[in-house]
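Descriptive structure summary
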Amino acid sequence: MADYYRFSVFNVISFSFLAGNIIVLYALRLGAGNVLVGLIGASYQVTFVFSLIGRRMVRRMGAVKLFGYFWLIRYLLMLPVLLTVLPGLREQSGLVLAIVTLSAFGFNISKGIGITATKPIVGEIPPSRERGAFIANGHLIVNLGAIITGTTMALVLGQDSPVGRYALLLSIGILAGVAASYFILRLPEPKEAGAGFAGRFRDGLKAAFEPGPFRTLNTANVLLVFVVAMSHSFLIVFFKRVYGYADGDVVFFTVAGSAGGATMALITRAVIDRVGAKPLLFMFAAVLLFVHVPLFVAPSLAGAWVWLFPALVYFFFVMAQFGILNAADNYFFAATAAEERLDLGIVFGLGTGIFGALGSFMGGVVLSSLEALLPGGPERAFRGFYMILVAVALVAIVRLWRLPDLNSYPIPDAIGMLFSPRDIRAIRLLNRLRRSRTMEEEQTAVAALGQTSSRLAVGGLHERLSSPSLTIRLEAITALRNSTLTPEVESALIDAVQSQQYTTAHLAAELLGESGAVASVPALREAVTAADYMVSAKAMLALARLNDVESIGPIESILERSVNPRVTIYAAKALEVFG
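Calculation rules
- Residues numbered from 1 in each chain as written.
- Predicted model: local features only at pLDDT ≥ 70, side-chain atom pairs only at ≥ 80, totals over all residues.
- Heavy atoms only, no water.
- Helix = DSSP H or I, 4+ residues; strand = E, 2+ residues; numbered from the N terminus.
- Buried < 20%, exposed > 50% of the residue type's maximum accessible area, 1.4 Å probe, protein only.
- Areas by Shrake-Rupley, 256 points an atom, 1.4 Å probe, with all protein chains shown as cover.
- Core = buried A, V, L, I, M, F, W, Y, C linked by side-chain atoms within 4.5 Å.
- Contact = heavy atoms within 4.5 Å.
- pLDDT = per-residue confidence, 0-100.
- Polar contact = N/O pair within 3.5 Å; in protein donor to acceptor, adjacent residues only side chain to side chain.
- Phe/Tyr/Trp six-rings, centres within 6.5 Å; stacked < 30°, edge-to-face > 60°.
- Lys NZ or Arg CZ within 6 Å of the ring centre and 35° of its normal.
- Axes fitted to C-alpha atoms, helices over the stretch in contact; angles between N-to-C directions.
- Parallel < 35°, antiparallel > 145°, perpendicular 65-115°, else oblique.
- Left-handed = near helix turned anticlockwise from the far one by under 90°.
- Salt bridge = Lys/Arg side-chain N within 4 Å of Asp/Glu carboxyl O.
- Expected span 1.5 Å × (residues − 1).

What to know about the overall build of the protein chain
- Counting its regular elements, the protein chain contains 29 helices and zero strands.
- Seen through its principal axes, the protein chain has C-alpha atoms that stretch 105 × 55 × 45 Å.
- A burial count over the protein chain gives 56% of its 579 residues as buried.
- Counting every atom, the protein chain has about 24000 Å² of accessible surface; 62% of that belongs to carbon and sulfur.

As for the nonpolar core
- If you look at the biggest cluster of nonpolar residues, it comprises 190 residues, and the most contacted ones within it are Phe239, Phe385, Leu493 and Met540.
- Ranked by residues supplied to this core, first place goes to helix H16 (residues 305-335) with 15 residues.
- Every residue in contact with phenylalanine 385, bar those within four places of it in the chain, is listed here: Met230, Ser231, Phe234, Gly363, Val366, Leu367 and Leu370.

As for the confidence of the model for the protein chain
- Residues with a pLDDT of 70 or more make up 94% of the protein chain, whose mean pLDDT is 81.
- Taking the mean pLDDT of every element in the protein chain, the minimum, 64, falls on helix H7 (residues 87-90) and the maximum, 89, on helix H15 (residues 277-297).

Digging into the environment of tyrosine 75
- The topology assignment puts tyrosine 75 in helix H5 (residues 63-76).
- Separated by 60 residues in sequence, tyrosine 75 and phenylalanine 15 place their C-alpha atoms 9.5 Å apart.
- Dropping the residues within four chain positions of it, tyrosine 75 is found in contact with Asn11, Ser14, Leu18, Phe107, Gly173, Ile174, Gly177, Val178 and Ser181.

Remarks on the side chain of glutamine 500
- Along the chain, glutamine 500 falls in the loop between helix H24 (487-499) and helix H25 (505-515).
- A polar contact of 2.7 Å, which involves the side chain of glutamine 500, links it to the side chain of threonine 504.
- Not counting residues within four places of it along the chain, the set of residues in contact with glutamine 500 comprises Leu465, Ser466, Arg473, Asp495 and Ala505.

Observations concerning the packing of aromatic side chains
- In the structure shown here, the tally under the stated rule is 18 aromatic pairs.
- A centroid spacing of 5.1 Å and a plane angle of 80° characterise the contact between phenylalanine 315 and phenylalanine 316, whose relative ring orientation is edge-to-face.
- A relative accessible area of 34% means that phenylalanine 316 is categorised as partly exposed.
- Aromatic ring contacts, followed pair by pair, group Tyr4, Tyr5, Phe7, Phe67, Trp71 and Phe134 into a single cluster.
- In this structure, arginine 74 packs its charged tip against the face of tryptophan 71, placed 4.2 Å from the ring centre.

Some remarks on the environment of arginine 186
- Relative to the helices and strands, arginine 186 resides in the loop between helix H11 (163-184) and helix H12 (201-208).
- For the pair formed by arginine 186 and phenylalanine 7, sequence separation is 179 residues and the distance between their alpha carbons is 9.6 Å.
- Side chain to side chain, arginine 186 and aspartate 3 meet in a polar contact 3.2 Å long.
- Within the local environment of arginine 186, its side chain forms a polar contact with the side chain of tyrosine 182, the two groups lying 3.3 Å apart.

Considering the packing of helix H17 (residues 341-373) against helix H18 (residues 378-401)
- The geometry of H17 relative to H18 is characterised by a closest axis approach of 8 Å and an angle of 135° between their N-to-C directions. It follows that H17 is oblique to H18 by the angle criterion. Every pair of crossing elements has a handedness; the one defined by H17 and H18 is right-handed. Along its contact with H17, which presents Gly363, Val366, Leu367, Leu370 and Glu371, the element H18 presents Ala381, Phe382, Gly384, Phe385 and Ile388.

Some details on unusual backbone geometry
- Backbone geometry at tyrosine 502 places phi at a positive 75°, although glycine is not the residue there.
- Along the polypeptide, tyrosine 502 turns up in the loop between H24 and H25.
- Here tyrosine 502 falls in the exposed class, since its relative accessible area comes to 61%.

Here's the deal with the pattern of salt bridges
- Using the criterion set out here, one finds nine salt bridges in the structure.
- When the shortest N-O distance is used, the salt bridge between arginine 186 and aspartate 3 registers 3.2 Å. With a gap of 183 residues between them, arginine 186 in the loop between H11 and H12 and aspartate 3 in helix H1 (residues 2-18) connect regions that are remote in the sequence.
- With its nearest N and O atoms 3.0 Å apart, the salt bridge here joins lysine 538 to glutamate 510. One end of the pair, lysine 538, is in helix H27 (residues 533-545); the other, glutamate 510, is in helix H25, and 28 residues separate them in sequence.
- Three or more residues are tied together by salt bridges with common partners; here these are Asp3, Arg6 and Arg186.

Points about H15
- For H15, which comprises 21 residues, the first-to-last C-alpha distance of 32 Å matches the rise-based estimate of 30 Å (1.5 Å per residue) to within 8%.
- Where burial is concerned, most of H15 is hidden: 15 out of the 21 residues are buried.
- Positive backbone phi, approximately 50°, marks alanine 298, located one or two places after H15.

Let's talk about the environment of leucine 470
- Among the structural elements, leucine 470 can be located in helix H23 (residues 470-479).
- A sequence separation of 196 residues divides leucine 470 from arginine 274, and the C-alpha atoms of the two residues are 25 Å apart.

Considerations on the packing of H27 against helix H29 (residues 565-578)
- Closest axis-to-axis distance for the H27/H29 pair is 8 Å, and the angle between their directions is 5°. Classified by the angle their axes make, H27 and H29 are roughly parallel. Together, Tyr533, Met534, Ser536, Ala537, Lys538, Met540, Leu541, Leu543, Ala544 and Arg545 of H27 and Arg566, Val567, Tyr570, Ala571, Lys573, Ala574, Val577 and Phe578 of H29 make up the contact between the two elements.

Okay, here's the thing in structure tokens:
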């Protein structure tokens, strides 16, 4: 995981200094209009179309080499942009804008080929139970890095910044990109997902459009991507034209956006593996919708609000943008098998790319059309622009509600948990349990979880039922006594009855009886005759509590012949429970 995190660090530096806001600002500095800004923005979305080329190459090259080599090529393709600062060339405005646009497209076409391999690679780097936190950590690195690079840009760039300053930042971005490519090539080749490399893409394409969780996710995702892409590039235009902010000011506001993305990552890595991806995807989509309401109003600003308003807009917009990306990726892994991730990942990316490009390009076309249809200042055009975005976001949110609850709590339950002190405490204890490095730390966290009476505690205690430590298993079973057992926990307790005799099997049998786990009856019947007299005793009482009347005869037989006082007492107690 360390190499992936190192890649993320250098990648965010390179992206911040080569793409996104800086390239839009540079294009505006060179005289680009709305349509060209939209076209440049669209180049960042068409990347996924070229994953079809990557699909044909991954079988021969392997996922890691495909990712690493084409990531390197994308940075080298940005070298011509450095030439646009030359005085003789810069006088030819059409040519320099063409170079910037073509380099941006080359940058993103190469990315599209390389990104084919990301889903298979990322899906196997962390354990599945920690995948949500791992993906969120990657976004945390991205956004913290963006804060640093964004602050740097805000200090370097100002109103009508010299093009030489842009060239300096672009050069740093290219060098950082080369370093990022090096760390990609150090990642392990995925094994489970590799089984799908030899298949036919058309089979994966057919599976993608069959009714099911993936199709529902993909539909909702493309609508949200359309909204994000249509809005993203023109936030800069909005604040420059409606409020008159300078380039350096806008970059400062994007730093606030990165703080929103970092906040999202901190929240997500703490809770997503506990409550699931679906409720977080829904909540971040709702944030995306509501952040456009004040943009629609475009209020007059005075005093501190001159800085607070755009900073808050960027904060919540980027929080929603990265939150949707993070939660959608997590739900994708929950909805797909390892061997499906290559093809379904391409379909998922194609949907993202096509609708992202459409959103970016249509943003420029729609905004220019509204300015022509609604004279009287840019405020009226932007009001209509954001009204369209709110309507599309509402449709996406309705679609998200219909997603199955794969490895997730229902949305109302999850929202309640995130505002419940008891459940928040359980989440903190589960995260402490995951980070525990000694038996004492683990035992303390397990014992504390048993006192929370939160449903969330059950999932974390499940894994401890098969711990090699007797003490941890004892604490886990004790902690589960006040909880409603899940099918996974019941299965683990049944396995404990069968495999942990002379240690904690008797406690597992007792808990199964107390919790009404009817599925445990066959295992408990076998345990009645176990050599471990404690297991035999607890199993008889558990069967009585489960009202398994077929066990009355065997229990009576044990009562008649047993010479063990404890077994005799429990057999009599079981028959008493039977009545």
